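# Survey of secondary and tertiary structure
For reference, the chains in residue letters:
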Amino acid sequence: MKEYQTITEISGPLVFAEVDEPVGYDEIVEIETADGEVRRGQVLDSSSGTVAIQTFEGTGGIDRKSSVRFLGETMKMPVTEDLLGRVLDGSGNPIDDGPDIVPDERRDIVGAAINPYSREYPEEFIQTGVSAIDGMNTLVRGQKLPIFSGSGLPHNDLALQIARQATVPEDAGEDEEESEFAVIFGAMGITAEEANEFMDDFERTGALERSVVFMNLADDPAVERTVTPRLALTTAEYLAFDKGYHVLVILTDMTNYCEALREIGAAREEVPGRRGYPGYMYTDLASLYERAGRIKGEDGSVTQIPILTMPSDDITHPIPDLTGYITEGQIMVDRDLNSQGVQPPVNVLPSLSRLMDDGIGEGLTRGDHGGVSDQIYAAYAEGEDLRDLVNIVGREALSERDNKYLDFADRFEEEFVQQGYNTNRDIDETLNVGWDLLSMLPKDELNRVDEENIEQYYTEDESVEVTADD
Amino acid sequence: MSKATESDVREDGIIESVSGPVVTAVDLEARMNDVVYVGNEGLMGEVIEIEGNLTTIQVYEETSGVAPGEPVESTGAPLSVDLGPGMLDSIYDGVQRPLDVLEEKMNSAFLDRGVDAPGIDLEKTWDFTPEVEEGDEVGNGDIVGSVPETPSIDHKVMVPPGTLDEDETAAVVSVESGEFNVEQTVAELETGDEIQMRQEWPVREARPTEEKQTPTEPLTSGQRILDGLFPLAKGGTAAIPGPFGSGKTVAQQSLAKFADADIVVYIGCGERGNEMTEVIDDFPDLPDPQTGNALMARTCLIANTSNMPVAARESCVYTGITIAEHYRDMGYDVALMADSTSRWAEAMREISSRLEEMPGEEGYPAYLAARLSEFYERAGYFENINGTEGSVSAIGAVSPPGGDFSEPVTQNTLRIVKTFWALDADLAERRHFPAINWDESYSLYRDQLDPWFVENVAEDWPEQRQWAIDVLDEEGELQEIVQLVGKDALPEDQQLTLEVARFLKEAWLQQNALHDVDRYCPPEKTYEMLGAIKMFNDEAFDALEAGVPVEEITDVDSLPRLNRIGTTPDDEAEEFVEELEADITEELRALY
């Protein structure tokens, strides 16, 4: 291993050095400052003669005399089953005063793409116990379903609720020997307070035992954030596909990750794409999100719930936009519902789970699931539309039918979406609440539900009671 | 991808720099677009720029760990695909490496690097039946025989274009039936040229044709809103832009399943891995509505998911359209779906920015529009050089950032394509699928396809359609008023129009892609359903004129059955509609 003292330029998180031997692209670099501190970095650009190095821990204190060592390998994550229950920093070093980690293997953190031919299509229902998700936007194993939120909204509570309650119902599907659930938590640039909130909850509920936590806090180096999710996902893949765990990966906050990407792009003087984010951000995000999935012949699975806060709640901002194009749907946390006190404030209309249709129905959840959710969507959308109208013309001007839809929309938010962060509803309960609501509407309005299901679940008396409502 | 055929690969070139998928090399003797093998692992790449002694290469595989000083070898041949029997029922990556073979060779579910595989199985033998006799004169592109490639498709073996001079013919001196593999000679010409089943073609070059013709036949899709309102022609071009979650992929997949093409080439360009898996899982089990055989028997899949190397994403649309053109040359109608062309454009942008080219609009390269039009121009209804007629219809999904259609990829695509199916987030949110907006969408093929519909479906097809369009237009205008004053403030006839429009939207335009029956609606049924709604419209307005209030008209018992026509099996539909029409008429007339 050769050591150089040939730094020519330092700019933002980048260091340029002259070399006289070839250096591989993406190789790991150690830079030792004059006072003996060692910083790590990665080769971003390698030409014969010079290399550009991106440092993870900032360039402060590095000078022209600092020495540069190339380790001759790309970045690796030491993986072992013993990682469960451990808390690591954003670069993968333990910070919980526990014993040293003895790795089984060291894995390249830039995971290879899963061959689409080798994938197993995800269709096993995960019950999160949250009606707005289970009933309307069902999560399945191997899916990547982000939470789109905004600053100041309780997305963390929702994520914790999912992490706590997620199970695969016993009777669902053909029972193999049950694999265990594990949670991998990758935090990028979250505040110490938020981190405490997560850690307290993990410890209180005993979830930490089956978790691996990666913490890059708001005051940790920003560039390190580009590595944290890759360490988390490498660990997840190892646990899922080598050890047979069902791994739920929660990544928060992807917005901070993208900011870090932009910072590096700007330092390299790249041609920027929309809003200054690099043109390759789609590819870069895909290399993270696409690491969710199942593989034929393997028991385990990687399910991802990335959380991102949309700058000024704008879903067309590049970060949520590119994410939505890669992930299989999104769960939208809504500011209005939140101020109404709905817990969790999930707005189901713009939410979507693309893999829902294959994960529900007879033998998976319940035969009427698809119809109920379609019908509720249509009815709630209609009620929402009418709310605008009511503001102008008042309720009296509307027909009886319209009034029923308005009541439906109100009760849907109050009874179906609203459940509190500590209530765990199973899928039967969720669907039954759904039927209570649908029974407010006249039978012949239910054109998306099979007739036999109407026979079975529709309760007549509800519809009478409603007209007397206001 | 085809292995370089020449064995004298010249050892030359040294890597100068590496930056992501872009590698530069010095002392490399290669032409533009030649395929090269990069580094000690022999990663596949393509020459994209030559400047002095410096050659720039885009690499189709991950470049981690590749260092300056490693060798670069040129194959001396441009990026080509292997054309021959065995392409159907296959799934390829962006440079035509079969993914199942890669899995086997790499012995892993993850894609490794530096592994190459031929696009078609070189060992497998096919049962060749000659279609010419010894002594027959053949020219470029002429069919010498065929092999049963799948239960649905006979693969024609053709004289590769360029074998003879243009307009030159040569006599066949020997041709034999029997079992051959793709590299064995099946026919020999007097010029000494030997014809094999396999031929190669550079992907960036269109295969030659005799003449492009005006398409007059529709590519029916079994989707009511498409066949009924915005039809696509065989050999036509269409774009489906829409924000995420609006159902682009479902629409593309429905087309791939039900379009009445002979061959379907489905390109998953930079999209989700699980979606491709769904296609791989579904297609072998689904029957082709035309032949009843498995859908895979007419399908070639190209899967370059978003996390696979970006340069291969750039090339995958070319790989796809070259394969499509090959089947067109045999006289087949080919439908090509590219999902999504935005990812392809982004791949161009990414490579362009690594080359530090001067960017055009929104960072896309200045040649974006040229590349897009080049691609769509390869579609069309053609007279082939061997005299057969075939078509390639190209349907490109577009994923505009934020659903904003004013961005460069959508705009440049719209300047070329003649059919525009605009997906709408609002419709998708209320689960109105397919979420195609009927106000914004258009098809410029409508008029040239009308004669076909008149002849094959119903004489008053154009009039019925126009009626539906008028009602939907009127509804759009009325809705604006309703938003202000409420529905009950409208005069009764307008209220009735709204009700009719509701059936048009809910019963006719909406279609459930997941329902076993409703997912495919033959044009006849599309027509009958529309007819039933029109009939209700006429009867209802008669009743209204006779003084029956709107509430009573819309309260008729049989009316909700209009919503169930779509899910009624095709062979019972006609009877169901007749009965329904009779009931509606009877009940309405009983009111006055």
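Residues numbered from 1 in each chain as written. Chains lettered and ligands numbered in written order. Predicted model: local features only at pLDDT ≥ 70, side-chain atom pairs only at ≥ 80, totals over all residues. Heavy atoms only, no water.

## Regarding the overall build of chain B
Counting its secondary structure elements, chain B contains 15 helices and 26 strands. The globule rule puts the C-alpha radius of gyration for 592 residues at 25 Å, and the 27 Å found for chain B is close to it. The dimensions of chain B, computed from C-alpha atoms along their principal axes, are 90 × 55 × 45 Å. Buried residues in chain B amount to 61% of all 592 residues. (Helix = DSSP H or I, 4+ residues; strand = E, 2+ residues; numbered from the N terminus. Rg over C-alpha atoms; globule rule 2.2 N^0.38 Å. Buried < 20%, exposed > 50% of the residue type's maximum accessible area, 1.4 Å probe, protein only.)

## Examining the interface of chain B and chain A
The accessible area lost on association of the parts is a frequent measure of interface size. With 73 residues of chain B at the contact, the number on the chain A side is 76 residues. Together, the buried faces of chain B and chain A total about 6100 Å²; carbon and sulfur atoms form 52% of this surface. Counting the surface chain B buries against chain A, the share from its top three residues, F244, N274 and R431 of chain B, is 14%. At the boundary of chain B and chain A, one finds 1 salt bridge. (Contact = heavy atoms within 4.5 Å. Buried area = accessible area lost by both parts, 1.4 Å probe. Salt bridge = Lys/Arg side-chain N within 4 Å of Asp/Glu carboxyl O.)

## Digging into the pattern of salt bridges
All names here are of chain B. Under the criterion given, the structure shown has 66 salt bridges over all chains. With a shortest N-O distance of 3.4 Å, D260 and K234 are connected by a salt bridge. Here K234 lies in the loop between α2 (224-228) and β19 (237-241) and D260 lies in the loop between α3 (248-258) and β20 (263-269), a separation of 26 residues in the sequence. For the pair shown, D260 and K234 are each scored as buried. The salt bridge partner of E314 is R371, with a shortest N-O separation of 3.8 Å.

## A short note on the confidence of the model for chain A
Detailed reading of predicted coordinates is not advised where the pLDDT is low. Residue and element names in this part refer to chain A. In the predicted model, chain A carries a mean pLDDT of 88, and 96% of its residues have values of at least 70. Counted against residues more than four places away or in other chains, residues 171-176, with its pLDDT under 50, gives 5 contacts. Scored below 50 in pLDDT, residues 462-470 makes 16 contacts in the model with residues more than four places away or belonging to other chains. (pLDDT = per-residue confidence, 0-100.)

## Description of the domain arrangement of chain A
Residues and elements named next belong to chain A. As far as domains go, chain A holds domain 1 (2-73), domain 2 (77-359) and domain 3 (369-457). Each partner contributes residues to the interface: domain 2 has 31 residues there, and domain 3 has 22 residues. In total, about 2100 Å² of surface goes out of reach between domain 2 and domain 3, with carbon and sulfur atoms giving 56% of it. Of all residues in domain 2, the largest losses of buried area upon contact with domain 3 belong to S131, M136 and Q343, amounting jointly to 28% of the total for that side. Our count for the domain 2 to domain 3 interface comes out at 0 salt bridges. The interface formed by domain 2 and domain 3 includes 18 residue pairs in polar contact (both at pLDDT 80 or more). For the side of domain 2 that touches domain 3, the elements supplying multiple residues, two or more each, are α1 (131-134), α2 (155-165) and β21 (346-353). Grouping the constituent residues of the side of domain 2 that touches domain 3 by class yields 14 nonpolar, 14 polar and 3 charged. (Domains from an automatic or database assignment. Polar contact = N/O pair within 3.5 Å; in protein donor to acceptor, adjacent residues only side chain to side chain. Nonpolar A, V, L, I, M, F, W, Y, C, P; charged D, E, K, R; others polar.)

## Structural notes on the sheet that holds strand β10 (residues 137-138) of chain B
Residue and element names in this part refer to chain B. Spatially, the 4 strands line up as an open sheet ordered β10-β13-β15-β16, and their pairing is antiparallel. One side of each edge strand has no neighbouring strand; the edge strands of this open sheet are β10 and β16 (194-196). Both strand β15 (residues 185-189) and β16 contribute to a ladder of 3 bridges, which runs antiparallel. Residue pairing across strands places T185 opposite Q196, the latter belonging to β16. (Pairing = 2+ DSSP bridges.)

## Description of the side chain of Q96 of chain B
Residues and elements named next belong to chain B. As for its position among the elements, Q96 is in the loop between β8 (90-92) and α1 (99-106). Relative accessible area serves as the criterion here: at 0%, Q96 is assigned to the buried category. Engagement of the side chain of Q96 in a polar contact is seen with the backbone nitrogen of D82, the distance being 2.8 Å.

## Remarks on the packing of helix α6 (residues 281-289) of chain A against helix α7 (residues 318-326) of chain A
Residues and elements named next belong to chain A. Put simply, α6 and α7 touch, their axes get as near as 10 Å, and they point 55° apart. It follows that α6 is oblique to α7 by the angle criterion. For the pair α6 and α7, the sense of crossing is right-handed. From α6, M281, Y282, L285, A286 and Y289 reach across to α7, where they touch P318, I319, L322, T323, Y325 and I326. Its residues assigned to classes, the contact of α6 with α7 comprises 10 nonpolar, 1 polar and no charged. (Axes fitted to C-alpha atoms, helices over the stretch in contact; angles between N-to-C directions. Parallel < 35°, antiparallel > 145°, perpendicular 65-115°, else oblique. Left-handed = near helix turned anticlockwise from the far one by under 90°.)

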